[in-house]
Amino acid sequence: MKIIRSIKVMQDYSGAEKKKGKKIGFVPTMGALHQGHLSLIKRAREENNSVVVSIFVNPAQFGPKEDFKKYPRDLQKDALLCKKNGVDVIFYPSAKAMYPPEYKTHVNVQDLSSVLCGKSRPGHFQGVATVVAKLFNIVGPTRAYFGQKDAQQATIINRMALDLNLPVKVRVLPTIREKDGLALSSRNLYLSQEERKEAVVLSEALKLARKLIRAGEKKSAAIIAAMRKLISSGRNAKIDYISIVDAKTLKPVPNISGKCLIALAVWIGKTRLIDNTYAS
Ligand code: PAF
């Protein structure tokens, strides 16, 4: 397994692979790899000849008061996991190489970026779309793999790839969960023991929503109210948002009809966690 730090060397590697007719599977990450990332790597390994994982804690997607500085970084541990899981290349660029001082270009996927998490994290999805567009141009993947846990991110990247005619197939794979239902996230590392126990309330709220829908409840407001009540009973939980939206447009829907996304963000102490489920 190679660790490539230079953009030019990465582009040359991909160019040479593709010249030989090889398919490149790409898993963009910010490191602190967990089973969720490994499930993406596994699928990329199965479907492609060459697997590239990028590890880049992208400053452009963090707000000034967010956790950029404390975001977990452990290249050695991540590299070991990548090697064990059959990764061919880790692309590990510096922030200076990705965003030199004269940098001016940003990708903004309108409407989809300003709702849900975009409301409480202004600029976040512009940072994500910009870095993913750059990474696609550098790595030149045949297929790129993202987790359903970041449903809004996946929707935005899909839209961007279509709108900009990027020659990459975007694959979105199911959320991987702990035994008790908590969605895997690098940010789970921030939780204290007590908070970790309480964090299960996000997936419990989604379970409750699915149960209500199965029982015939169609009204979004009623489902959201029940979810709110459940989450508010926790000591450390503070709701950022709970929304039921159209899965494609991310616009709120008053009733469950067609494919809907039920998404929520909840602060557990000082850690903001997200989760979601589809319903129809
Ligand atoms: O999901 C993530 O880890 C990041 O948002 C991504 C896609 C690697 C872009 O920095």
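> For this particular structure, what's the right way to read helix α7 (residues 151-163)?
Counting along an α-helix, one turn takes 3.6 residues, and residues three or four places apart therefore face a common direction. Given a rise of 1.5 Å per residue, 13 residues ought to cover 18 Å, and the 18 Å separating the end C-alpha atoms of α7 matches this to within 8%. Every buried residue of α7 is accounted for by Ala 151, Gln 152, Gln 153, Ala 154, Thr 155, Ile 156, Ile 157, Met 160 and Ala 161. Tucked inside the fold, the buried residues of α7 contact α5 (117-120), α6 (124-139), β5 (143-147), β6 (169-173), β8 (260-268) and β9 (271-279). Asn 165 sits one or two residues past α7 and shows a positive phi near 50°.

> Mind showing me how you'd approach the site of the ligand here?
What surrounds the ligand is the set Pro 28, Thr 29, Met 30, Asn 58, Gln 61, Val 131, Val 132 and Gln 153. In this structure, an oxygen atom belonging to the ligand sits 2.6 Å away from a side-chain N or O atom of Gln 61. One nitrogen or oxygen atom from the side chain of Gln 153 is found 2.7 Å from an oxygen atom belonging to the ligand. Here the ligand has 290 Å² of accessible area as a free molecule, and 89% of this is covered by the chains. Within the residue set of the shell around the ligand, elements represented by two or more residues are β2 (24-29) and α6.

> I would appreciate a short explanation of unusual backbone geometry in the present structure.
In terms of backbone geometry, most residues other than glycine have negative phi values and most peptide bonds are trans. Phi is positive for Leu 116, which is not a glycine, with a value near 45°. With respect to the helices and strands, Leu 116 occurs in the loop between α4 (95-98) and α5. Residue Leu 116 is classed as buried on the basis of its relative accessible area of 8%. The residue Asn 165 is not glycine, and still its phi comes out positive at about 50°. Mapped onto the fold, Asn 165 is located in the loop between α7 and β6.

> What is the right way to look at the sheet that holds β5 in this model?
Hydrogen bonds along the backbone pair up the strands of a sheet, which may run parallel or antiparallel. Taken in spatial order, the six strands line up as β1-β4-β3-β2-β5-β6 in an open sheet, and their pairing is parallel. In this open sheet, the two strands that pair with only one neighbour each are β1 (2-4) and β6. Taking the axes of each pair of neighbouring strands and ignoring which way they run, one obtains an average angle of 25° across the sheet. Sheet topology places β2 next to β5; two bridges connect them, and they run parallel. In the strand pairing of β5, Gly 25 is matched with Arg 143.

> Looking at this structure, I do not really get the environment of Ala 161. What am I missing?
Within the element layout of this structure, Ala 161 appears in helix α7. Here Ala 161 falls in the buried class, since its relative accessible area comes to 6%. Taking C-alpha positions, Ala 161 is 25 Å from Leu 264, a pair spaced 103 residues apart along the chain. Once you skip the residues sitting within four places of it in the chain, Ala 161 turns out to touch Leu 166, Val 168 and Val 170.

> So what exactly am I meant to see when it comes to the nonpolar core here?
Note that soluble globular proteins tend to have their nonpolar side chains buried in a common cluster. One finds Met 10, Val 52, Phe 91, Val 132, Phe 136 and Met 160 to be the most contacted residues of the largest nonpolar core, which totals 43 residues. Elements that contribute at least two residues to this core include exactly α1 (7-19), β2, β4 (89-91), α6, β5, α7, β7 (237-246) and β8. Ranked by the residues each element gives to this core, the list is headed by α6, at 10 residues. Those residues within four positions of Phe 91 in sequence are excluded, and the remaining contacts are Ile 4, Arg 5, Ser 6, Ile 7, Met 10, Val 52, Val 53, Ser 54, Ile 55, Leu 135, Ile 138 and Val 139. Grouped together as the second largest cluster of nonpolar side chains are 26 residues, Leu 182, Ile 239, Ile 244 and Leu 273 included.

Calculation notes
- What you see as residue numbers is a count from 1 along each chain, following the sequence as written.
- In keeping with the model being predicted, local features are shown solely for residues with a pLDDT of at least 70 and side-chain atom pairs are shown and tallied solely at 80 or more, while totals for entire chains, interfaces and linings include all residues.
- Working from all heavy atoms in the structure, the side-chain values ignore hydrogens and water.
- Labels follow the DSSP assignment, with helices taken as runs of H or I lasting at least four residues and strands as runs of E lasting at least two, numbered in each case from the N terminus.
- For a helix, the expected span equals 1.5 Å multiplied by the residue count minus one.
- Accessible area is worked out with a 1.4 Å probe on protein chains only. A residue is then buried under 20% of its type maximum, exposed over 50%, and partly exposed in between.
- Any two residues whose heavy atoms approach within 4.5 Å are treated as being in contact.
- By convention in these notes, a residue is near a molecule or strand provided one of its non-hydrogen atoms lies within 4 Å of it.
- Contacts described as polar in this section are N or O atom pairs within 3.5 Å, which, within protein, must combine one atom able to donate a hydrogen with one able to accept it, while residues neighboring in sequence count only if both atoms come from side chains.
- All accessible areas in this document rest on Shrake-Rupley with a 1.4 Å probe, and a residue is counted as covered only by the protein chains that are shown.
- When DSSP finds two or more bridges between two strands, those strands count as paired.
- Fitting a line to C-alpha atoms yields each axis, with helices limited to the stretch in contact; the angle taken between N-to-C directions then spans 0 to 180 degrees.
- Within this scheme, the nonpolar core is defined by two criteria: the residues are buried Ala, Val, Leu, Ile, Met, Phe, Trp, Tyr or Cys, and they are joined through side-chain atoms within 4.5 Å.

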